[in-house]
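Coordinate inspection notes
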Amino acid sequence: MPLQITGALGDPDLLRLPWDVPLQDWPQHHLVDLPRGISRHVVRFARLQGKVYAIKEISERYARREYQLLWDLARLDAPSVEPVAYVTGREDGLDAALITRHLQFSLPYRAVMSGTLRPDTLTRLLDALAVLLVRLHLTGFYWGDCSLSNTLFRRDAGAFAAYLVDAETGEMHPMISEGQRLTDIDVAHTNIFGEMLDLEAGGLLHPSIDPMDTAEDIVARYHRLWAELNDSEIIEEVDWHRVEQRIRRLNLLGFDVAEMMVRRKVGTGRLIVRPKVVDAGHHQRRLLRLTGLDVEENQARRLLNDLDGFRVAKGLRHEDEAIVAHRWLAEVFSPTVDAIPAELRGKLEPAQLFHELLDHRWYLSEQAGADVGMATAVKSYVDNVLVHKPDEKALLPDEPGR
């Protein structure tokens, strides 16, 4: 069979790489030296036209399969490396090769842990890995070999973001089963325990870090996060503040909330609430579609949270969302913005004003231990916050011709 490269080939120079030579014997001038994780396969990095590709030698069956899985993950915007192509038909019976785009500024865990690993660094790595595994499970992906070695990490403002780098044991399903989830967690426990023992043997583990405790910690972190995202919460109908607390916890964990499943608990005046997490940018698009308000993503998230709370409070759970949005604009958003004295409205744009009012209401409610209501929040915000802000509208440069 002749040499064949299958995939979204964006760089024709890939065709000129020495595919007739085993990857471990490639000439150095084709390669770039980057940190590599532990792998059962030969992996090399090639630089072409300013781009760096990771190339892994693997059987044709698994190269094709992993390429497809990575494309499925990319389509779902899951945190994983980007597939480029796979190579088959190499001379002398050489294995196929999988080509992925190198994830810039990423490091394998051993590079992150160069020198003695401190406990706080390990904590941040485990947090990132737990978030990655939860995100993959939410897409229906069963990893089958979750470990620090099969993950790349990027530094992220004092924390780490984790990306799947090896999907050859993975499976994509419409929805992951409970058994698959628990198996993945059990595999992660075993792998991470082994990796910690390996670090300990190499003198790279801080004396205060226990390998078994670390392995059990990742399991506990995963379960806490999964429960936060998926468990239903029972609240009193008047206690919407508790739902807002949960939404904020999810936002801090890096998850957006698109909507909430809300139903009444039979025989009680209580509601069962469960959030639905979505991809970034969802809120901006949804708010624009429903209300015509074109705002930043964080503002949109905050406004939509309030809109969803309005739907529940008014008993409009079965009403068309466009109608609910129109009522929210007329009954909540516009009256709240209009309640700001006219001479102060130029200080912030309406969406930002409303966003800050909701935040102010949140802080007042936290102090009071109960929802203080919007009227109280508006008065306090105007008297104690807004009057001290600069007039942003006045600070904007005049448009040409004005």
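Residues numbered from 1 in each chain as written. Predicted model: local features only at pLDDT ≥ 70, side-chain atom pairs only at ≥ 80, totals over all residues. Heavy atoms only, no water.

1. Focus: helix α11 (residues 374–384)
Stated formally: Categorising residues by exposure relies on relative accessible area from a 1.4 Å probe, with only protein chains included: less than 20% of the type maximum marks a residue as buried, more than 50% marks it as exposed, and the intermediate range marks it as partly exposed. Put simply, DSSP marks the helices as runs of H or I at least four residues long and the strands as runs of E at least two long, and each gets a number from the N terminus on. Between two residues, a contact is recorded if the distance between any of their heavy atoms is within 4.5 Å.
For α11, the full list of buried residues reads M374, A377, V378, S380, Y381 and V382. Buried residues belonging to α11 abut α9 (321–338) and α10 (350–368).

2. A look at the pairing of strand β4 (residues 82–88)
Selection rule: Here, a strand pair is defined by DSSP locating no fewer than two bridges between the strands.
Across the seven residues of β4, six count as buried, placing the element largely inside the fold. Sheet topology note: the strand β1 (residues 4–7)/β4 ladder contains four bridges and is antiparallel. Its bridge partner being in β4, I5 is matched across the sheet by V87. Of the strand pairs in this sheet, β4 and strand β5 (residues 96–101) are connected by five bridges, and their pairing is antiparallel. Along β5, the bridge assignment pairs Y86 with L98.

3. Thoughts on the confidence of the model for the protein
Definition in use: One confidence number per residue, pLDDT, is output by the predictor and ranges from 0 to 100.
For the protein, per-residue confidence averages 82 on the pLDDT scale, and residues scoring 70 or more make up 83% of the total. Within the protein, helix α12 (residues 392–395) has the poorest average pLDDT of any element, 41, and strand β7 (residues 141–142) the best, 96. Contacts from residues 392–402, a stretch scored under 50 in pLDDT, to residues over four places away or in other chains number five contacts.

4. What about the sheet that holds strand β3 (residues 51–58)?
Within a sheet, each strand pairs with its neighbour through backbone hydrogen bonds, oriented either parallel or antiparallel. Note the cut-off: Working convention: axes come from line fits to C-alpha atoms, limited for helices to the stretch in contact. Angles between N-to-C directions cover 0 to 180 degrees.
An order of β1-β4-β5-β3-β2 is seen for the five strands of this open sheet, with the pairing classed as antiparallel. Among the strands making up the open sheet, the edge pair consists of β1 and β2 (43–48). On average, each strand axis in the sheet is tilted by 25° relative to the strand beside it, whichever way the strands run. The sheet contact formed by β2 and β3 spans six bridges and is antiparallel. When the bridges of β3 are listed, R44 appears paired with I55. Docked against the sheet, helix α1 (residues 60–75) engages β1, β3, β4 and β5, running at close to 160° with respect to β4.

5. Side note on the pattern of salt bridges
What counts here: When a carboxyl oxygen of Asp or Glu is within 4 Å of a side-chain nitrogen of Lys or Arg, the pair counts as a salt bridge.
In the structure shown here, the tally under the stated rule is 17 salt bridges. As a salt-bridge pair, E321 and R286 come within 3.5 Å of each other at their nearest N and O atoms. With E321 in helix α9 and R286 in helix α7 (residues 282–291), this residue pair connects regions lying 35 residues apart in the sequence. Exposure remark for E321: the relative accessible area of 25% places this residue in the partly exposed category. Taking the relative accessible area as the measure of exposure, R286 reaches 5% and is therefore buried. Salt bridges sharing common partners tie together K56, E66, D166 and E168.

6. Looking at helix α4 (residues 178–201)
As a reminder, the rule being used: Expected helix span is given by 1.5 Å per residue-to-residue step, counting one fewer step than there are residues.
The end-to-end C-alpha distance of α4, which contains 24 residues, comes to 35 Å, matching closely the 34 Å that a straight helix rising 1.5 Å per residue would cover. Residues of α4 that are buried include every one of Q180, R181, D184, I185, A188, H189, I192, E195, M196 and L199, and no others. Within two residues after α4, G203 carries a phi angle of roughly 70°, on the positive side.

7. Some thoughts on the pairing of β3
Burial within β3 is extensive, with seven of its eight residues counted as buried. Examined bridge by bridge, β3 and β5 share six bridges and lie antiparallel to one another. In the sheet register, I55 faces β5, and the bridge partner there is I99.

8. Remarks on the nonpolar core
Our working definition: The term nonpolar core refers to a set of buried residues drawn from Ala, Val, Leu, Ile, Met, Phe, Trp, Tyr and Cys, joined through side-chain atoms within 4.5 Å.
Residues L129, L136, F141, W143, F153 and L164 are the most contacted members of the largest nonpolar core, which totals 49 residues. Within the residue set of this core, elements represented by two or more residues are α1, β5, α2 (109–112), α3 (119–138), β8 (151–156), β9 (159–164), α4 and α5 (211–230). If you tally residues by element for this core, the top one is α3, at 10 residues. Excluding its chain neighbours within four sequence positions, the residues that come into contact with L164 are L70, L73, P79, S80, V81, L132, L136, F141, W143 and N150.

9. Comments concerning the packing of aromatic side chains
We count it as follows: Whether two aromatic rings pair depends on their centres lying within 6.5 Å, for rings of Phe, Tyr and Trp, where Trp uses its six-membered ring; planes under 30 degrees apart make the pair stacked, over 60 edge-to-face, and the rest tilted. The rule for a charge over a ring is simple: NZ of Lys or CZ of Arg within 6 Å of the ring centre, and within 35 degrees of the ring normal.
Tallied over the entire structure, the rule returns seven aromatic pairs. The interplanar angle of 80° and the centroid separation of 6.3 Å between the aromatic rings of Y67 and W71 together place this pair among those described as edge-to-face. Residue Y67 and its partner W71 are located together in helix α1, separated by four residues, close to a single helical turn. Three or more aromatic residues joined by ring pairs form one cluster here, namely Y67, W71 and Y86. The cationic tip of R61 hangs over the ring face of Y62; the distance from NZ or CZ to the ring centre is 5.1 Å.

10. A short note on the environment of A220
By the element assignment, A220 lies in helix α5. C-alpha separation for the pair A220 and I185, spaced 35 residues apart in sequence, amounts to 9.8 Å.

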